[in-house]
Protein chains: 2
Amino acid sequence: MLYTQVRLREFTQQVFISCGMPLEDAILAADVLLSADLRGIDSHGVARLSGYVRLQEAGRANMHAKHRVIHETPSTATIDADEGLGLVVAPKAMELAIEKASQVGTGWVAIQNSNHFGIAGYHAMKALPHDMIGISMTNASPLVAPTFSKERMLGTNPICIAFPSGEQIPFVVDMATSNAANGKLEIAQQLNKEIPLGWVQTKDGADSTNANELKSGGALLPLGGHKGYGLGAAVDILSAVLSGANYGPWVPPFVAFLNPLENLPGNGIGHFLGAMRVDAFRPKSEFKLHMDLWIQRFKESQRIDPNQEVLIPGEPEYRMQKIREIEGIPLNENVEKDLQELAAKLGLKL
Amino acid sequence: MLYTQVRLREFTQQVFISCGMPLEDAILAADVLLSADLRGIDSHGVARLSGYVRLQEAGRANMHAKHRVIHETPSTATIDADEGLGLVVAPKAMELAIEKASQVGTGWVAIQNSNHFGIAGYHAMKALPHDMIGISMTNASPLVAPTFSKERMLGTNPICIAFPSGEQIPFVVDMATSNAANGKLEIAQQLNKEIPLGWVQTKDGADSTNANELKSGGALLPLGGHKGYGLGAAVDILSAVLSGANYGPWVPPFVAFLNPLENLPGNGIGHFLGAMRVDAFRPKSEFKLHMDLWIQRFKESQRIDPNQEVLIPGEPEYRMQKIREIEGIPLNENVEKDLQELAAKLGLKL
């Protein structure tokens, strides 16, 4: 069934407000979730809403968190998110990064003591209207095994880089550092379909095409093998070793029914954000001119299949947003049921 | 045959000096190449030496280049490399990034009008003794096809991130953004062996296990599919659209027998370098303590094969360096012959 974004946005805000979140923060958190739904990243939108509420019920998310800067230089800051949602603190931290970039060319903010921040793309794209390059990344609950290991040690640790352009749509690469995201496995499970080799391994570390492997102690595999392990690990270190958050196997699980490990080395989960003024490197107009030419040239590169155009990173999501802003956001039965239950529990109307 | 690093280093310096490079720059350029040979990245060491000389002979490399800063903010700079070798300008640019990081927390330098800079790892690792995180990347001659395209549009565009540690060895991820580097194809060609699916495609964009595909108009494939396309593209944009260098299909070829295209949109090839003080985010001692714990925990993660330990990115190269510093550097017949010919041409002794 299709829902207008206005309807889902208002409902999401109401849910967060019911949980004790200040209005301003609820508006922000809803905007991050709706951005995922509009862009077609359905796994990170309102489908997660009840998960955030359960985290609060488990005493693991502070809905009226007050983040604070605990360390600072002209181009950097470290923020303690006060156990709040990354949905709220990450956009605010990105504003600080943008402010620092306005002052000294670039701004970089590491965040500890946080929770899930939604899609990485939302935060990086906040830099675009300022003619800045945006960067965002986060660590996440361990699901990915390092090369030669059968243990889940890393999250799908996404990284996003967004570049402003002139006439063309912006370039936004927003990618997990695993071969497949968990959402893709879930779809294969529902359809009872085999998955490609390279997505998962069994609990003993053997190759598998079984989408249910993760439920039996298996692990996701890093993007393209050992390189993806290195990349996902770098995201983990920037997000958590640098900020003072938990890293590797100690990252607290997003799902409330799993408890965090004991004797944690840090606080909550971690994010790392950055903003770079393009005119800290060359005049803005020159950058945009060449960015447009870059995009045009890549879109015109020779096709394998004449009917399948070559796309720019972020283009499918950009197009989806244009469609869903008009036609509405489709929710599948499970998500609809989940939101109805949430509405009933909180005395709200979807 | 095994060569001591001293012997190869002196020879390499002599070659660059014969080409008109100032002594100080020749020492630096030789150090970058020897670092690759010591670390076991044989494709990027003295094996490339004659290639740099041929670039000069073709009028495409300035051996007595004087780079200059053409744009600057407290945390950023853009450098025109004066058609010099990246081997020389990149370490100097990294020093500027480190200086800026000392002042304002982080430093970022984009470089245009350059040539091949050797291994990305050398430049990023320069940050480590300063207790800084080092980042380096470069674009390169087009060999990789974007997703859905059969055209070579991107280089293998490597990216390196190096993190300092305390007692443990440093974490250095230094990776091409293609599934396979060209060097691996060359080895398969020499052994007449099939390569894994996913490394290359034919000139029509079909899957192939033929290592010679690249010679018949085929292309390398991006790391893990469309994500690697996005990542390699981001490296291209940071290195070149931001700096004013050439990008995409316009990046001049490293090999001197191929001519650059006409009507280029920029100058030479481009690099992007960064340095971040760890104590711009949290106290240095805390960072190192947790970095050590991160490394220990990952090394202890459960093995698939009890005889195959789990490695930290950069560990194989670190170990190789320890061995080769003592035992010497092995050169294969082709490289030896190439260097002998170079020695004869320049009136030097290998």
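Conventions and cut-offs
Residues numbered from 1 in each chain as written. Chains lettered and ligands numbered in written order. Predicted model: local features only at pLDDT ≥ 70, side-chain atom pairs only at ≥ 80, totals over all residues. Helix = DSSP H or I, 4+ residues; strand = E, 2+ residues; numbered from the N terminus. Buried ≥ 20, exposed ≤ 12 C-beta atoms within 10 Å, placed from the backbone. Contact = placed C-beta atoms within 7 Å. Core = buried A, V, L, I, M, F, W, Y, C linked by C-beta atoms within 7 Å. Least-squares fit on C-alpha atoms with pLDDT ≥ 70 in both. Axes fitted to C-alpha atoms, helices over the stretch in contact; angles between N-to-C directions. Parallel < 35°, antiparallel > 145°, perpendicular 65-115°, else oblique. Left-handed = near helix turned anticlockwise from the far one by under 90°. Nonpolar A, V, L, I, M, F, W, Y, C, P; charged D, E, K, R; others polar. Pairing = 2+ DSSP bridges. pLDDT = per-residue confidence, 0-100. Right-handed = clockwise from strand over helix to strand, strands pointing away. Expected span 1.5 Å × (residues − 1). Arc of directions from axis to C-beta.

## Observations regarding the overall build of chain A
Scanning chain A from terminus to terminus reveals 10 helices and 12 strands. Oriented by its inertia axes, the alpha-carbon framework of chain A measures out at about 50 × 50 × 45 Å. Residues classed as buried in chain A amount to 57% of the 350 residues present. Partitioning the contacts of chain A with sequence separation of at least 6, the portion at a separation of at least 24 is 63%.

## As for the environment of Ala110(A)
Within the element layout of this structure, Ala110(A) appears in strand 4 (residues 106-114). Overall, the presence of 28 C-beta atoms within 10 Å leaves Ala110(A) in the buried class. In this structure the C-alpha to C-alpha distance between Ala110(A) and Ala97(A), which are 13 residues apart in sequence, comes to 9.7 Å. Excluding anything up to four places from it in sequence, Ala110(A) contacts Thr78(A), Leu242(A), Ser243(A), Gly270(A), Phe272(A) and Phe281(B).

## Describing the nonpolar core
Ranked by size, the top nonpolar core spans 230 residues in total, and within it Ala29(A), Ile237(A), Ala29(B) and Ile237(B) carry the most contacts. The contacts of Ala29(B), once residues within four sequence positions are left out, are Phe16(B), Met21(B), Leu85(B), Leu87(B) and Val88(B).

## Focus: the relation of the copies chain A and chain B
Overlaying chain A on chain B yields an RMSD of 0.0 Å, the required transformation being a rotation through 180° with an accompanying axial translation of 0.0 Å. Put plainly, the chains are arranged around a two-fold axis. Among all residues of chain A, the one whose C-alpha sits closest to the rotation axis is Gly224(A), at a distance of 2.3 Å. When the interface residues of chain A are mapped onto chain B, 98% of them again fall at the interface, so both copies present the same face.

## Topic: the packing of helix 1 (residues 5-18) of chain A against helix 2 (residues 23-39) of chain A
Residues and elements named next belong to chain A. It is the contact of helix 1 with helix 2, at a shortest axis distance of 8 Å, that shows an interaxial angle of 140°. Put simply, helix 1 runs oblique to helix 2. When you trace helix 1 past helix 2, the crossing you get is right-handed. From helix 1, Gln5, Leu8, Arg9, Thr12, Gln13, Phe16 and Ile17 reach across to helix 2, where they touch Leu23, Ala26, Ile27, Ala29, Ala30, Leu33, Leu34, Asp37 and Leu38. Here the contact of helix 1 with helix 2 is composed, by residue class, of 11 nonpolar, 3 polar and 2 charged.

## As for the environment of Trp108(A)
On the secondary structure map, Trp108(A) appears in strand 4. With 29 C-beta atoms counted inside 10 Å, the residue Trp108(A) sits in the buried group. Measuring from C-alpha to C-alpha, the distance between Trp108(A) and Ala145(A) comes to 29 Å, with 37 residues separating the pair along the chain. Not counting chain neighbours up to four residues away, the residues in contact with Trp108(A) comprise Ser75(A), Thr76(A), Ala97(A), Gly274(A), Thr106(B) and Met276(B).

## A few points about the sheet that holds strand 8 (residues 200-201) of chain A
Taken together, 3 strands build an open sheet; the order of strands is 9-8-10 (chain A) and the sheet is antiparallel. Edge positions in the sheet fall to strand 9 (207-208) and strand 10 (219-220) of chain A, since each has one partner strand and no second.

## A look at the interface of chain A and chain B
Taken together, the contact pairs 62 residues of chain A with 61 residues of chain B. Among the elements of the structure, strand 2 (68-73), strand 3 (76-80), strand 4, strand 6 (159-163), strand 7 (171-175), helix 7 (226-241) and helix 8 (284-299) of chain A are those that each provide at least two residues to the side of chain A that touches chain B. The element contributing the most residues to the side of chain A that touches chain B is helix 7 of chain A, with 8 residues. The residue inventory of the side of chain A that touches chain B, partitioned by class, reads 35 nonpolar, 20 polar and 7 charged.

## Quick notes on the confidence of the model for chain A
Per-residue confidence for chain A gives a mean pLDDT of 97; residues scoring 70 or more make up 100%. Model confidence for the complex is summarised by a pTM of 0.98, with the ipTM given as 0.98.

## Some remarks on the pairing of strand 4 (residues 106-114) of chain B
All names here are of chain B. With 9 of 9 residues buried, strand 4 lies mostly within the body of the structure. When strand 3 (residues 76-80) meets strand 4, the two strands line up parallel, connected through 5 bridges. Bridge pairing in strand 4 places Thr76 opposite Trp108. Considered for its hand, the β-α-β crossover made up of strand 3, helix 4 (residues 86-104) and strand 4 is right-handed. Pairing analysis gives 7 bridges linking strand 4 to strand 11 (residues 269-277), with the strands arranged antiparallel. By the bridge assignment, Ile111 is partnered in strand 11 with His271.

## Section: the pairing of strand 3 of chain A
Residue and element names in this part refer to chain A. Among the 5 residues that make up strand 3, 5 are buried, leaving the element largely enclosed by the rest of the structure. Residues Thr76, Thr78 and Asp80 line one face of strand 3 and the alternating positions Ala77 and Ile79 line the opposite face, and both faces are buried. Sheet analysis places strand 2 next to strand 3, joined by 5 bridges and oriented antiparallel. When the sheet's bridge partners are listed, Thr73 is paired in strand 3 with Thr76. Where strand 2 folds back onto strand 3 in an antiparallel hairpin, the turn is made up of 2 residues.

## Some words on unusual backbone geometry
Glycine aside, negative phi is the norm for most residues, and most peptide bonds take the trans geometry. In this structure, Asp82(A) is a non-glycine residue whose phi angle is positive, near 60°. Residue placement: Asp82(A) occurs in the loop between strand 3 and helix 4 (86-104).

## Focus on the sheet that holds strand 9 (residues 207-208) of chain B
The strand order across the open sheet built from 3 strands is 9-8-10 (chain B), with neighbouring strands paired in antiparallel fashion. With partners counted over all chains shown, the strands left at the sheet margins are strand 9 and strand 10 (219-220) of chain B, one partner each.

## Considerations on helix 10 (residues 333-346) of chain A
Residue and element names in this part refer to chain A. Over its 14 residues, helix 10 runs 20 Å from end to end, which matches the ideal 20 Å to within 8%, given 1.5 Å per residue. Looking at helix 10, one finds that the buried residues are Val335, Leu339 and Leu342. When helix 10 is viewed along its axis, its buried side chains cluster within an angular range of 55° and face the same direction. Along helix 10, exposed side chains directed more than 90 degrees from the buried face belong to Glu333, Asn334, Lys337, Gln340, Glu341 and Ala344. Packed against the buried residues of helix 10 are helix 1 and helix 3 (49-57). Looking one or two residues beyond helix 10, the residue adopting positive phi is Gly347, at roughly 70°.

## Some details on helix 4 of chain A
The terminal C-alpha atoms of helix 4 of chain A lie 26 Å apart, and with 19 residues this matches the ideal 27 Å at 1.5 Å per residue to within 8%. Burial of helix 4 of chain A is extensive: 14 of the 19 residues sit out of reach of the surface.

## Quick word on the environment of Leu38(A)
All names here are of chain A. Within the fold, Leu38 resides in helix 2. Spatially, the C-alpha atom of Leu38 lies 7.8 Å from that of Gln5, the residues being 33 residues apart in sequence. Excluding anything up to four places from it in sequence, Leu38 contacts Gln5, Gln321, Arg324, Glu325 and Ile329.

## A word on the packing of helix 3 (residues 49-57) of chain B against helix 10 (residues 333-346) of chain B
Residues and elements named next belong to chain B. Closest axis-to-axis distance for the helix 3/helix 10 pair is 9 Å, and the angle between their directions is 45°. Overall, the two elements helix 3 and helix 10 adopt an arrangement that is oblique. Contacts from Leu49, Ser50 and Val53 in helix 3 reach Asp338, Leu339 and Leu342 in helix 10. For the contact of helix 3 with helix 10, the residue count by class is 4 nonpolar, 1 polar and 1 charged.

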